[in-house]
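Topology and contacts: notes
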Amino acid sequence: MDAARYYGQEDIRVEDIEPDSVGPEQVRIDIEACGICGSDLHEYTAGPIFVPGDAPHPVSGATAPLTMGHEFSGIVSEVGADVTDFSEGDAVTANPIIYCGSCPRCEAGQYHQCEALGFTGLAANGGFAENVVVDAERTVSLGEVPVEHGALVEPLSVALHAARVADVSAGDSVAVFGSGPIGLCQIQALRAAGAGPIIVSEPRDERRARADASGADVLIDPTEQDPLEAIRAETGEGVDIAFDVAGVEATYNQAINSTRPGGRVAEVSIFEEALETQPNDLVIPERSIVGSIAYQGGPRSGEEFGMVIDMLEDGQLDPDPLITDRIDLADISEDGFEPLLDPDSDQVKILVKP
Ligand SMILES: [Zn+2]
Ligand SMILES: [Zn+2]
């Protein structure tokens, strides 16, 4: 079958490979759609980060080259001998978290904090392929959600998890720095949580328009106005909670300084570089900052994924403003990675359709 394999920086090759075999507790999923994620782009430009480059991943045993793609949905086409929860023909997505099961954080049920944390599609073969094999434990039924929308459950779960980690309550004023794919998911998750006003700072016109369609109340173009002044004009003393979803020095510091005294910041980005910051911006106004990675995984795989699927069924979340293109697997570099890395492109979420 055809699969897009990560070899190293700026080196993704579509190759004909032998599909993985299905173990007794696994299922094979024929891919309907697989989204290209910001973390795939980080691997492409600055990796390997999550992809095991030199040593094999301690749990999966995989090393590059491997098939990328961790935001996928499709139809179960083969079930292992011991699988009872799924049958051929089921519409599913899969929680990509790979975990060891024996470290203190896994024993505490926080599989996404595992010391060996990895992801299907980054540390094991993923969904930029005709099919993928995953553990039944990490497979999640899509219910009434259209199969293609299932590819958005993973990024929406990142945003839902961040809203929970940041302890958002209805009525909290919030700021979101960056409205790329995760930023748009964040806006939707905050709207569903009843937060407001939702103030979004984003330099690209097309992304601000999609932020508007996703439920933002106030839009700021940081190339035209100082976002901190605009946020203070809107809220008086600053927002209750800010989300940095852009992951650069400017937005990290803006997120901190956009909050009121005693406010909170959630950091939802993976950074390519270290940065300069003034810790007194946290200390003196007694602000706090919390990191958020991924979503509940392992035996809790269906927890946040299931909440997102329920919210998609209810119409509280809408993937359509995120999806900007659908492409063939063969064109993943030219029509997928390259436009997403082009600062003048209007692309946000590109779905690969094998
Ligand atoms: Zn992702
Ligand atoms: Zn662990």
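Residues numbered from 1 in each chain as written. Chains lettered and ligands numbered in written order. Predicted model: local features only at pLDDT ≥ 70, side-chain atom pairs only at ≥ 80, totals over all residues. Heavy atoms only, no water.

1. As for the overall build of the chain
Along the backbone of the chain there are 10 helices and 18 strands. Scaling as 2.2 N^0.38, a compact globule of 354 residues should have a C-alpha radius of gyration of about 20 Å, and the chain matches this with 20 Å. Overall, the C-alpha framework of the chain stretches about 60 × 40 × 40 Å when taken along its three principal axes. When each of the 354 residues of the chain is scored for burial, the buried share is 56%. (Helix = DSSP H or I, 4+ residues; strand = E, 2+ residues; numbered from the N terminus. Rg over C-alpha atoms; globule rule 2.2 N^0.38 Å. Buried < 20%, exposed > 50% of the residue type's maximum accessible area, 1.4 Å probe, protein only.)

2. Quick look at the coordination of the zinc ion (ligand 2)
Distances from the zinc ion (ligand 2) to its protein donors, Cys100 (SG), Cys103 (SG), Cys106 (SG) and Cys114 (SG), fall at 2.3 to 2.4 Å. Summarised as a motif, the one-chain spacing of the donors to the zinc ion (ligand 2) is C-x2-C-x2-C-x7-C. Pair noted here: Cys100 is in the loop between strand 7 (97-98) and helix 2 (104-107) and Cys114 is in the loop between helix 2 and strand 8 (118-119), with a separation of 14 residues, a long-range link. Judged by its relative accessible area of 6%, Cys114 falls in the buried class. (Donors = N, O, S within 2.8 Å, 3.2 Å for Na, K, Ca; no water.)

3. A few points about the environment of Asp344
Tracing the chain through its elements places Asp344 in the loop between helix 10 (332-341) and strand 18 (349-353). Sequence separation of Asp344 and Arg204 is 140 residues, and the distance between their C-alpha atoms is 8.4 Å.

4. Some details on the sheet that holds strand 1 (residues 2-8)
Read across the open sheet, the three strands follow the order 2-1-4; overall the sheet is antiparallel. Strands with a single pairing partner mark the edges of an open sheet, and in this sheet they are strand 2 (11-16) and strand 4 (66-67). (Pairing = 2+ DSSP bridges.)

5. Things to note about the coordination of the zinc ion (ligand 1)
Coordination of the zinc ion (ligand 1) by the protein comes from Cys37 (SG), His70 (NE2) and Glu71 (OE), over a distance range of 2.1 to 2.4 Å. In primary-sequence terms, the residues that donate to the zinc ion (ligand 1) follow C-x32-H-E. Highlighted residues: Cys37 in the loop between strand 3 (26-35) and helix 1 (38-46) and Glu71 in strand 5 (residues 71-79), separated in sequence by 34 residues.

6. Some details on the domain arrangement of the chain
Domains assigned within the chain are domain 1 (2-155 + 294-353) and domain 2 (167-291). Each partner contributes residues to the interface: domain 1 has 21 residues there, and domain 2 has 16 residues. Between domain 1 and domain 2, a total of about 1600 Å² is buried, with carbon and sulfur atoms accounting for 60% of that surface. In terms of surface lost to domain 2, no three residues of domain 1 exceed Pro321, Leu322 and Val348, which account for 32% of the buried area on that side. (Domains from an automatic or database assignment. Contact = heavy atoms within 4.5 Å. Buried area = accessible area lost by both parts, 1.4 Å probe.)

7. Description of the pattern of salt bridges
Using the criterion set out here, one finds 16 salt bridges in the structure. A salt bridge links Arg210 to Glu206, with the shortest nitrogen-to-oxygen separation between them at 2.8 Å. Of the two residues, Arg210 and Glu206 both sit in helix 5 (residues 205-214), four residues apart, roughly one turn of that helix. Given a relative accessible area of 25%, Glu206 falls into the partly exposed group. A salt bridge links Arg260 to Asp240; its shortest N-O distance comes to 2.7 Å. With Arg260 in strand 15 (residues 259-267) and Asp240 in strand 14 (residues 239-244), this residue pair connects regions lying 20 residues apart in the sequence. (Salt bridge = Lys/Arg side-chain N within 4 Å of Asp/Glu carboxyl O.)

8. Quick notes on helix 7 (residues 249-257)
Counting buried positions along helix 7 gives seven out of nine residues, so the element sits mostly inside the fold. For helix 7, the complete set of buried residues consists of Thr251, Tyr252, Asn253, Gln254, Ala255, Ile256 and Asn257. Against strand 11 (174-177), helix 6 (227-235), strand 14, strand 15, helix 8 (280-283) and strand 16 (288-291) lie the buried residues of helix 7.

9. With respect to a negative patch on the surface
Negative charge collects at one region of the surface, where Glu10, Asp328, Glu334, Asp335, Glu338, Asp342 and Asp344 lie side by side. The element that contributes the greatest number of residues to the negative patch is helix 10, accounting for three residues. Its place among the elements puts Asp328 in strand 17 (residues 323-328). Assessed through its relative accessible area of 48%, Asp328 is described here as partly exposed. (Patch = residues over 30% accessible without salt bridge, like charges linked within 9 Å, V, L, I, M, F, W, Y side chains within 5 Å. Areas by Shrake-Rupley, 256 points an atom, 1.4 Å probe, with all protein chains shown as cover. Lys, Arg positive; Asp, Glu negative; His and termini not counted. Charge placed at Lys NZ, Arg CZ, Asp CG, Glu CD.)

10. Quick notes on the nonpolar core
In terms of nonpolar packing, the biggest core is built from 86 residues, with Ile36, Phe128, Leu190 and Phe243 touching the most fellow members. Ranked by residue count, the leading element in this core is helix 3 (residues 153-165), at seven residues. Two domains share this core, each providing at least three of its residues, namely domain 1 (2-155 + 294-353) and domain 2 (167-291). Setting aside chain neighbours within four positions, we find Ile36 in contact with Leu41, Glu71, Phe128, Ile332, Gly336, Phe337, Leu340, Lys349, Ile350 and Val352. Judged by nonpolar contacts, the second largest core, of 14 residues, contains Val218, Ala230, Ile231 and Ala255. (Core = buried A, V, L, I, M, F, W, Y, C linked by side-chain atoms within 4.5 Å.)

11. Topic: the pairing of strand 5
With eight bridges connecting them, strand 3 and strand 5 associate as antiparallel partners. Bridge pairing in strand 5 places Ile29 opposite Val76. Across three bridges, the pairing between strand 5 and strand 6 (residues 91-94) is antiparallel. From the neighbouring strand, Gly74 faces strand 6, where its bridge partner is Val92.

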